[in-house]
Amino acid sequence: MRLLSSALVTLLTLTTFSFASSSSVLVVLDPSLDRENYSIFFGGLEKRGYNLTFRAPKDTSPAITDYGVSNYDHVILFAPDTKSYAKDITPQSLVGLLSENTNLLIALSPKQTPLTSLAAEFSLILPPPETPLISHHPARSEPQTTIPVTVSSSSPILTPGIPPVWFTGAPHALGSTPMLVPILRAPAESFAADSTSDDDSDALVTASEKGGEGLWAGSQMGLVTGFQTNVNSRVVFAGGVKMFSDEYATKELPSGGPPGNALFATDVAAWVFQEKLKLRIDAVDHRRVGESEVPKMYTTNDEIVYTAHISAYDSETSTWKPYSGIDDLQLEFTMLDPHIRTSLPPVPGSPGAYQVQFRAPDRHGVFKFVLNWKRKGYSYLESSTTVPVVPPRHDQYPRFLSAAWPYYAGAISTSAGFFLFAALWLAGDVKGERKKGSKVE
Amino acid sequence: MVWQFSWLLLAATVQAASLSLQSPRFTISTPDATQLRSDTLSLTEKPEPLTLGPTDTLKLTFQITESDEGKGVQPHQTFLRFYDKASGEEGIQPVRVTPGGKAKFELNMVRPPASIPPTTHNPLEVSLILGSFVHAPAQYDLFDLYLPASQTPAEHPDEASFHVLPAIKHTFRPEQKSPPQFVSAVFAATVLSPWLVLIGLWSKIGVKVPNLFSLSIIPFTALLGAFEVLLVWYWVDLKLGQVLLYGGILAIPTVFAGKQALYATGEWRAGRK
């Protein structure tokens, strides 16, 4: 029985491994969307080595998961208007995929669908149904809902200098959770509304007077937003599916020139499919200064050297390479609270190594070396190593204290006195009268 | 930049009439209706930054007209945008416009609207965004506004771990202080001084040890000396287990040697030998 189950486990591991190496992607594409109109995006993915499988939302096969194990490394959900899915696609099952390290790229729309409620679980606050993003700026011949959006260059996910991208769809307000990674923000002049004429202007004022989330407007809104889970799987919510289309990728901007849609979509896919900004801790190592072995425990006030080795994934060669590019790594030495928090700088000349030397606190207890580096867009680096810190043993204290000289002298003096007395008493002669007939034996 | 360029381009080409702003005017007043500052706004140049106290009211009035005919219009989008350049926080406040194009906005700092972003000591850039389905859009930078700093918005509990945290240094207990070595030496000498007295008195009376090298006595004395050496060694280097082991081994011959020595001494003292 045990043999059988272990064989099964091995088989499953092998299966997932073989899928991982070929990077399989399931594309759930709504039949109303023409696959040919997304050829630039899908073709680009296939060119980069992804193995795409297409499926309509209501098809039952191919299944996303079999026996609880994901069949695909990544899932693209381009079915923004679909209200009913096959049984295996539910918000719960998609969350399950994320916890299994499967990445998701999800397109939303102004329509209310099961995916809208999924987005809410990721702290995205969507406007009321049927209110698409509108912008009158800049003046252009396209409809108000077809908007060129300037791409901020501050996100590490995107290639710097992407021209504005065309966007049609719904915006979302961002919740406060720091796991959100804003990729594309709405233009400051844009807002969500369902109006089609100037007479509706009062409705906008009324909406905003409802307070709080009454009006979705301005550059604080997101259009494309990523989310990185605690297991480092990634999900991207795009407010509209059209921005990935060939139509938008080739549509000229109002200011002239080609739009950045194709490049933007590539960058977003590269991030969500774990090609970019993927880091890991290879190993951590700690020891006393000058020693080469990891000790079982430290003594208070020991000088400790802590080293972490970090690699970044290189998608071009599909290998992990040492990465020394983090300049704000911090190490904490904690017992309940951090007792020491110090920066962990890269070691010049040894790629991927980060090292710091510090003195253990003069408190004993069970301490942890904690490495917790989280930055938006990058894989989270977390490591915790537990080590006991003990007070010095009885023979590790200094032995020849100058303050104790009188005591040493006293002890030695007594000792020597006893020895001398014993020797004299045994070896000395008895003076005076010797008792005769003593009963001493 | 691209926007502004494209407005210029398209305002001239796509849509005939564009929107324009007439007689924009602001007034800052205190709760008792004293006017602190009142001026018309120039659309080409920002005025001196405006400053609002915690109870002041800012009143902003303007009219929106078609630039060609001067007739008042009600555009679809009349938004005031409050933008904090330093923090990136932004608030959008729609303004109600009458069908004749007249608009009035009041910002009372006693009850600020929810759309005002969290403020710090940095100024908010206030601009007016006009948009319409029939007219070309327009945007005006009105003025910079200093508001009293608001409370910092509540942060997500995990937010801190996404930033560099302040370094923490452990404060170590100070090293133990020893008294000066000279003092220790004086007291050590005091402790040893009885030996001087003892040796002085002995030298007067004289000590005789006729049996020191007797075969009955010397083994015990030597073993006792070995014990003393063992204790000194313990102090300098050995661990307790080693001391007990070596001491245990030493103890066996010492018992017999001691018995022998006492027996011999007893014989001498009894005068039998």
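As the structure is a computational prediction, the values presented were derived from the model and not from experiment.

### A look at the overall build of chain A
Then, in step 1: If you tally the helices and strands in chain A, you get 8 helices and 24 strands.
Then, in step 2: Its C-alpha radius of gyration of 35 Å places chain A more than 25% over the 22 Å reference for a compact globule of 441 residues.
Then, in step 3: In terms of principal-axis extent, the alpha carbons of chain A reach across some 140 × 60 × 45 Å.
Then, in step 4: Sequence-distant contacts in chain A: of pairs separated by 6 or more residues, those separated by 24 or more amount to 72%.

### Looking at the sheet that holds strand β2 (residues 35–40) of chain B
Residues and elements named next belong to chain B.
Then, in step 1: If you walk across this open sheet you meet the 4 strands as β2-β1-β4-β7, and the pairing is antiparallel. Where the open sheet ends on each side, the last strands, each with one partner, are β2 and β7 (102–108). Pairwise comparison of adjacent strand axes, ignoring direction, gives a mean angle of 15° for this sheet.
Then, in step 2: Across 9 bridges, the pairing between strand β1 (residues 19–29) and strand β4 (residues 57–66) is antiparallel. Bridged to Q22 within β4 is Q63.

### Side note on the environment of B:S67
Residues and elements named next belong to chain B.
Then, in step 1: Along the chain, S67 falls in the loop between β4 and β5 (77–84).
Then, in step 2: Separated by 50 residues in the primary sequence, S67 and A17 have C-alpha atoms spaced 6.4 Å apart.
Then, in step 3: Not counting chain neighbours up to four residues away, the residues in contact with S67 comprise A17, S18, L19 and S20.

### Brief notes about the interface of chain B and chain A
Then, in step 1: Of the residues lining the interface, 74 residues belong to chain B; the matching set on chain A comes to 71 residues.
Then, in step 2: Elements with a minimum of two residues in the side of chain B that touches chain A: α1 (2–13), β5, β6 (90–94), β8 (124–131), α2 (181–205), α3 (218–236) and α4 (240–269) of chain B.
Then, in step 3: Element by element, the count of residues in the side of chain B that touches chain A is highest for α2(B), at 8 residues.
Then, in step 4: Of the residues assigned to the side of chain B that touches chain A, the class counts are 41 nonpolar, 23 polar and 10 charged.

### Description of the packing of helix α8 (residues 405–427) of chain A against α3(B)
Then, in step 1: The geometry of α8(A) relative to α3(B) is characterised by a closest axis approach of 10 Å and an angle of 175° between their N-to-C directions. Between α8(A) and α3(B), the crossing angle belongs to the class labelled roughly antiparallel. Listed contacts from α3(B) to A:S415, A:F419, A:A422, A:A423 and A:L426 of α8(A) are B:F220, B:T221, B:L224, B:G225, B:E228 and B:L231.

### A word on the packing of α8(A) against α2(B)
Then, in step 1: One can describe the packing of α8(A) onto α2(B) by two numbers: an axis separation of 7 Å at closest approach and a directional angle of 20°. It follows from the interaxial angle that α8(A) and α2(B) lie roughly parallel. Handedness of the α8(A)/α2(B) crossing: right-handed. The segment α8(A) lies against α2(B), with A:W405, A:P406, A:A409, A:G410 and A:S413 engaging B:S184, B:A185, B:F187, B:A188, B:V191, B:L192 and B:W195.
Then, in step 2: Partitioning the contact of α8(A) with α2(B) into residue classes produces 9 nonpolar, 3 polar and no charged.

### Some words on the nonpolar core
All names here are of chain A.
Then, in step 1: Counting 107 residues, the largest nonpolar core has V28, L77 and I106 as its most contacted members.
Then, in step 2: The biggest single contributor to this core is helix α7 (residues 261–272), with 6 residues.
Then, in step 3: Other than its neighbours up to four places away in sequence, I106 contacts L77, L115, V235, V236 and F237.
Then, in step 4: Grouped together as the second largest cluster of nonpolar side chains are 18 residues, Y298, I304, L371 and V389 included.

### Considerations on the domain arrangement of chain A
Residues and elements named next belong to chain A.
Then, in step 1: In terms of domains, chain A is made up of domain 1 (2–272), domain 2 (281–390) and domain 3 (404–428).
Then, in step 2: One C-alpha centre belongs to domain 1, the other to domain 2; they are set 36 Å apart.
Then, in step 3: Residue classes in the side of domain 1 that touches domain 2 are distributed as 3 nonpolar, 2 polar and no charged.

### Some remarks on the domain arrangement of chain B
Quite often, the size of an interface is put as the accessible area lost when its parts meet.
Then, in step 1: Along its sequence, chain B is carved into domain 1 (2–150) and domain 2 (209–273).
Then, in step 2: Taking only C-alpha atoms, the centre of domain 1 of chain B and the centre of domain 2 of chain B are 105 Å apart.

### Let's talk about the sheet that holds strand β20 (residues 330–335) of chain A
Residues and elements named next belong to chain A.
Then, in step 1: If you trace the 5 strands from one edge of the open sheet to the other, you get β17-β24-β23-β20-β21, paired in mixed fashion. Two strands bound the open sheet, and with one partner strand each, they are β17 (298–299) and β21 (337–343).
Then, in step 2: In this sheet, strand β24 (residues 381–390) lies alongside β17 in parallel orientation, the contact comprising 2 bridges. The residue of β24 that forms the bridge with T299 is V390.

### Notes on helix α5 (residues 201–209) of chain A
Then, in step 1: By the burial criterion, the buried members of α5(A) are A:S201, A:L204, A:A207 and A:S208. End-on view of α5(A): buried residues confined to an arc of 115°, all on one side of the axis.
Then, in step 2: As for α5(A), its buried residues are in contact with β5 and β6 of chain B.

### Things to note about unusual backbone geometry
Residues and elements named next belong to chain A.
Then, in step 1: Going from S61 to P62, the amide bond is cis rather than trans, its omega being -5°.
Then, in step 2: Cis geometry is found at the peptide bond from H137 to P138, where omega equals -15°.
Then, in step 3: Structurally, the position occupied by P138 is in the loop between β8 (133–134) and β9 (147–149).
Then, in step 4: Although it is not a glycine, N101 sits at a positive phi angle of roughly 70°.
Then, in step 5: Take N101: it is sitting in the loop between α3 (91–99) and β6 (103–107).
Then, in step 6: N101 sits in the partly exposed class, given 16 other C-beta atoms within 10 Å.

Reading the values: the criteria
- Residues numbered from 1 in each chain as written.
- Chains lettered and ligands numbered in written order.
- Predicted model: local features only at pLDDT ≥ 70, side-chain atom pairs only at ≥ 80, totals over all residues.
- Helix = DSSP H or I, 4+ residues; strand = E, 2+ residues; numbered from the N terminus.
- Rg over C-alpha atoms; globule rule 2.2 N^0.38 Å.
- Contact = placed C-beta atoms within 7 Å.
- Pairing = 2+ DSSP bridges.
- Axes fitted to C-alpha atoms, helices over the stretch in contact; angles between N-to-C directions.
- Nonpolar A, V, L, I, M, F, W, Y, C, P; charged D, E, K, R; others polar.
- Parallel < 35°, antiparallel > 145°, perpendicular 65-115°, else oblique.
- Left-handed = near helix turned anticlockwise from the far one by under 90°.
- Core = buried A, V, L, I, M, F, W, Y, C linked by C-beta atoms within 7 Å.
- Buried ≥ 20, exposed ≤ 12 C-beta atoms within 10 Å, placed from the backbone.
- Domains from an automatic or database assignment.
- Arc of directions from axis to C-beta.

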